[in-house]
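Examination of the molecular architecture
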Amino acid sequence: MYALCDVNSMYASCEKVFDPAIRKRPVVVLTNNDGCICAACGIAKQMGVGKKFVPYFQVKDQLEQAGAVIRSSNYELYAELSQRLMETCARFAPHSNIYSIDEIFLYYGKHTTYIPPEGWLEHARKIRKTVWREVRLPIGVGMGRTPTLAKAANHAAKRIDGYNGVAVIDTEFTRKHILSNMKATDVWGIGRKLGARLKDLGILTALQLANQPPALMKKQFSILVESTVHELSL
């Protein structure tokens, strides 16, 4: 079983840890020279401000009208909180692999090897609550039998209604439910260009992709797509 722990809007969330007074306000983080937006918190995104890589001068007035808090990037702060995040998450599994500054995979062994006494769902909730209590970073936790399914569960945890930050794919029903509510391009490793080619074949959802014959996907695309399909279908 794998778990993927991923911070919601990492840079903006770190700024809120540093300054709790802005926790309930829209926060936008700029690049090193304050030229472009590089991150925005969920509140800012819901308000329609803070689109990434937009030049700051073009939206300065809009951000002011929205009452957004503007911060310059503080990579030392982000690195320090990232380390605390990784150390906290790593306590919950025998193996861990840092994937990026705001993502870490946990590995528990094969599904039948170990199951936490509280069950996978409560275990995932415990990780999320502990990170919030100790680091004050909001995270999504997704769990699945493969890294790709853990990524899909993490997508559901953060973006599909009803999961509220935690999702576990440990049954066929849950696997199909989550994958049917994801676009093919929401799958880890499936970009826009590849998604366009899949669309031409009538493959629009992650579940449709998972149902393809892996060997055919290898022939038409690559061994990486074959591996992705295989991991989605386990």
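For the structure, check the block above.
Residues numbered from 1 in each chain as written. Predicted model: local features only at pLDDT ≥ 70, side-chain atom pairs only at ≥ 80, totals over all residues. Heavy atoms only, no water.

In this section: the overall build of the chain. Counting its regular elements, the chain contains eleven helices and eight strands. In terms of overall dimensions, the chain has C-alpha extents of about 50 × 45 × 30 Å along its principal axes. Per-residue burial for the chain yields a buried fraction of 47% across its 234 residues. Of all intrachain contacts in the chain linking residues separated by at least 6 positions in sequence, the fraction that spans at least 24 positions is 54%. As displayed, the chain offers around 12300 Å² of accessible surface, 52% of which is attributable to carbon and sulfur atoms. Of the side chains in the chain, 31 bear a positive and 21 a negative charge, and the two mean positions are spaced by 4 Å. (Helix = DSSP H or I, 4+ residues; strand = E, 2+ residues; numbered from the N terminus. Buried < 20%, exposed > 50% of the residue type's maximum accessible area, 1.4 Å probe, protein only. Contact = heavy atoms within 4.5 Å. Areas by Shrake-Rupley, 256 points an atom, 1.4 Å probe, with all protein chains shown as cover. Lys, Arg positive; Asp, Glu negative; His and termini not counted. Charge placed at Lys NZ, Arg CZ, Asp CG, Glu CD.)

Counted by the stated rule, this structure contains ten salt bridges. As a salt-bridge pair, Asp 6 and Lys 158 come within 2.8 Å of each other at their nearest N and O atoms. Of this pair, Asp 6 sits in strand E1 (residues 2-7) while Lys 158 sits in helix H6 (residues 147-159); the two residues are 152 residues apart in sequence, bridging distant segments of the chain. With a relative accessible area of 11%, Asp 6 lands in the buried category. Assessed through its relative accessible area of 33%, Lys 158 is described here as partly exposed. For Lys 176, the salt bridge goes to Glu 172, with nearest N and O atoms at 3.9 Å. Residue Lys 176 and its partner Glu 172 are located together in helix H7 (residues 172-180), separated by four residues, close to a single helical turn. Note on Glu 172: relative accessible area 39%, which makes it partly exposed. If you follow the salt bridges from partner to partner, you end up with Glu 15, Asp 19 and Arg 71 in one network. (Salt bridge = Lys/Arg side-chain N within 4 Å of Asp/Glu carboxyl O.)

The next point concerns unusual backbone geometry. Both trends apply: most residues other than glycine have a negative phi, and most peptide bonds are in trans. The phi dihedral of Asp 34 falls on the positive side, at around 60°, and the residue is not glycine. Checked against the element boundaries, Asp 34 lands in the loop between strand E2 (27-30) and strand E3 (37-40). Here Asp 34 falls in the partly exposed class, since its relative accessible area comes to 31%. Positive phi, close to 65°, is recorded for Arg 136, a residue that is not glycine. Mapped onto the fold, Arg 136 is located in the loop between helix H5 (120-135) and strand E7 (139-144). By relative accessible area, Arg 136 is classed as partly exposed at 38%.

Another point: the side chain of Thr 174. Considering the arrangement of structural elements, one finds Thr 174 in helix H7. For Thr 174, a relative accessible area of 15% puts it in the buried group. Leaving out residues up to four positions away in the same chain, Thr 174 has contacts with Tyr 163, Val 168 and Ile 169.

Moving on: the packing of aromatic side chains. Inspection of every chain in the model, using the stated rule, returns eight aromatic pairs. Ring centres 5.5 Å apart and planes at 85° place the aromatic pair Tyr 99 and Trp 188 in the edge-to-face group. Highlighted residues: Tyr 99 in strand E5 (residues 95-100) and Trp 188 in the loop between H7 and helix H8 (192-200), separated in sequence by 89 residues. Owing to a relative accessible area of 28%, Trp 188 belongs among the partly exposed residues under this scheme. An aromatic cluster of at least three residues, connected via ring pairs, comprises Tyr 11, Tyr 75 and Tyr 78. (Phe/Tyr/Trp six-rings, centres within 6.5 Å; stacked < 30°, edge-to-face > 60°.)

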